[in-house]
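Descriptive analysis of the structure
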Amino acid sequence: MIDVPLPTIRHNGPRPFPPRVSRFTRPFWTALEQGFLTAPKCQACGRLRFPPRPLCPACWSEDHVWIVLRPHGRLYSFTRIHVAPRALDGDLPYAIGIVDLDDGVRLLCRLVNQATFADIGREVETVVLQYDDGPLFAARLI
Amino acid sequence: MAAQVVREAATMAGVSRPDIDAVVVAHPGDHTRQGYFHTFLCSSLGIAAKGNVIQVLGNGMTGGHAFDQAVQLIESGRAECVLAVGVHFESGIPTAQHLDYSIRLTGDVDFQSIFGPVPISWYAMDAHRYMFEYDVPRDTTAVVAVKNREHARFNPLAQFRDPLTLDAVLSARPIVEPLGLFEVPARSDGAVALIVSTEARAKLTGQPYARIRGRGFDHEGIHQIADVPTSALDYSALTRAAHRALTTAGTELADISTFQLYAPCTIVEILATEALGLFARGSGAAAAANDATSIGGRYPVNTCGGCLSRGHPPEVSPLYDVVEACSQILGRAERRQVEGARLAMCVSELGKYNAALVHILEAHS
């Protein structure tokens, strides 16, 4: 049982490219608001899936529970982006990375550090970016 | 632009307007103001068709699908003479506006696009991982941009034909690190029209023609990256699709004279050559640096200059690759001719090579 919320980094203003919140994904965003990164775990075959989807891609079962993911993982790769969509122009340049969490989930997210090539393969932890209109998840190098 | 290339292609193929009994159009993307472009184009050209009129869409594979659908219309007997056409007018809107649209294509809109992963950023992360995993310096991967520019110098259709040095590639401003300006595609406009017909009809023209000898497809069932830790560099869909194409063609990799690979960035060409089995994992960049993929090398790749120098109007690029493959095997490639070319492989992809479509073309004269 993970009951310690993730570190939160406060950002002024709204999220530049906010996600939609559906009936299915609402538990994810509600949990993230409270500091917990979660993923649906299939009750039929036990597989975790990310991004969250209503059906398990391995067995097509809908039965699932939301599991709190442990924050620790490794940086598989990253890039720093210098040409952006209009909505994200104010963030330039910004870094995104592929993070492999210890729970066996791979995800894409922002990196809050100025990562360098030497950081590939290094340990990271997930954090919450709290904007005026809601949260996003991110990773930072430990 | 589209109407002009259609007329030119029909003239080259010895085909007149009433001969065309099906039309397949590569979806022209969000830059084109005219919707339902395929029926609009048929109306503009006065083409009445009994086989089919269809617009196809499949990410970077869109042009490949247009060609593939044309081939399937012939194979099924529903048509005898198909027009496959693509037109792309990317300069119609600014880059940032285009990216508003394209980040919704390559990322999950609620859990990935929210972070701003522009399409080429996924390849950039492949580049970083490749350099890390195989201890390959960036200048070795960047050589691919120089090689492709050398090829483009002799391609009158190419967007960029001025010489390009490795220093210029390495010192260019970063776009998606580690890739700089010359390691990613420029924005391009373009149009291609192909005539695909039955062999009986092709013979009637009395001109040399290309036959489609093999075809393979594979989709690995994920989009961009898997949701579990696994190699993002193996491009395994291409390995399987190429194997299927070679099997249906009854030939081997060693017999292929030239490879036209959909490769928007330097790293993509490197990983694709490794997935094809031309080079061992981790050695594709060094092979390119040693001229193995240059014209005159063991496996000439992207003899037209590829996406980086020929230009990359994404929905049209795979159709350009068929044009180049035909030019090579029919001996019309002039100063970029691969000597004795008889078999050519064309590859298009979608996602991050999550799927690959492979055709093998053969000269018949």
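Structure's up top.
Next up on the list: the layout of surface pockets. Residues and elements named next belong to chain B. For the largest pocket, the calculated volume is near 1,500 Å³. Considering the residues around the largest pocket, the lining is formed by 50 residues, among which Ala193, Leu194, Ile195, Val322 and Cys326 are closest to the centre. Every element with two or more residues in the lining of the largest pocket is listed here: α1 (2–13), α3 (62–75), β6 (189–197), α8 (199–204), β7 (209–219) and α13 (317–329). It is β6 that provides the largest number of residues to the lining of the largest pocket, a total of 8 residues. Structurally, the lining of the largest pocket is a two-domain feature, drawing no fewer than three residues from each of domain 1 (2–93 + 193–200) and domain 2 (108–185 + 207–364). The computed volume of the second largest pocket comes to approximately 1,000 Å³.

Glancing now at the pattern of salt bridges. Residue and element names in this part refer to chain B. Per the counting criterion, the structure on display carries 29 salt bridges over all chains. Between Arg201 and Glu80 there is a salt bridge, and its shortest N-O distance comes to 3.8 Å. Remark: Glu80 occurs in the loop between α3 and β3 (81–89) and Arg201 occurs in helix α8; sequence separation between them is 121 residues. For Glu80, a relative accessible area of 41% translates into the label partly exposed.

With that settled, consider the interface of chain A and chain B. Listed per partner, the contact involves 44 residues of chain A and 40 residues of chain B. In total, chain A and chain B occlude about 3,700 Å² of area from one another, counting both sides; carbon and sulfur atoms represent 64% of this. When the buried area of chain A at its contact with chain B is split by residue, Phe17, Tyr76 and Arg106 of chain A rank highest and sum to 18% of it. Applying the counting criterion to the chain A and chain B interface returns 5 salt bridges. One salt bridge in this structure joins Arg86 of chain A and Asp100 of chain B, with 2.5 Å as the shortest N-O distance. There are 17 residue pairs in polar contact (both at pLDDT 80 or more) connecting chain A and chain B. Looking at the side of chain A that touches chain B, the elements with two or more residues in it are α1 (26–33), β4 (72–81), β5 (94–101), β6 (106–111) and β8 (134–141) of chain A.

Conventions we followed
Residues numbered from 1 in each chain as written. Chains lettered and ligands numbered in written order. Predicted model: local features only at pLDDT ≥ 70, side-chain atom pairs only at ≥ 80, totals over all residues. Heavy atoms only, no water. 1 Å grid on protein atoms, 1.4 Å probe; cavity = no way out; pocket = protein on both sides within 12 Å on 5 of 7 lines; lining within 4 Å. Points joined across faces, edges and corners; volume = space filled by probe spheres on them. Helix = DSSP H or I, 4+ residues; strand = E, 2+ residues; numbered from the N terminus. Domains from an automatic or database assignment. Salt bridge = Lys/Arg side-chain N within 4 Å of Asp/Glu carboxyl O. Buried < 20%, exposed > 50% of the residue type's maximum accessible area, 1.4 Å probe, protein only. Contact = heavy atoms within 4.5 Å. Buried area = accessible area lost by both parts, 1.4 Å probe. Polar contact = N/O pair within 3.5 Å; in protein donor to acceptor, adjacent residues only side chain to side chain.

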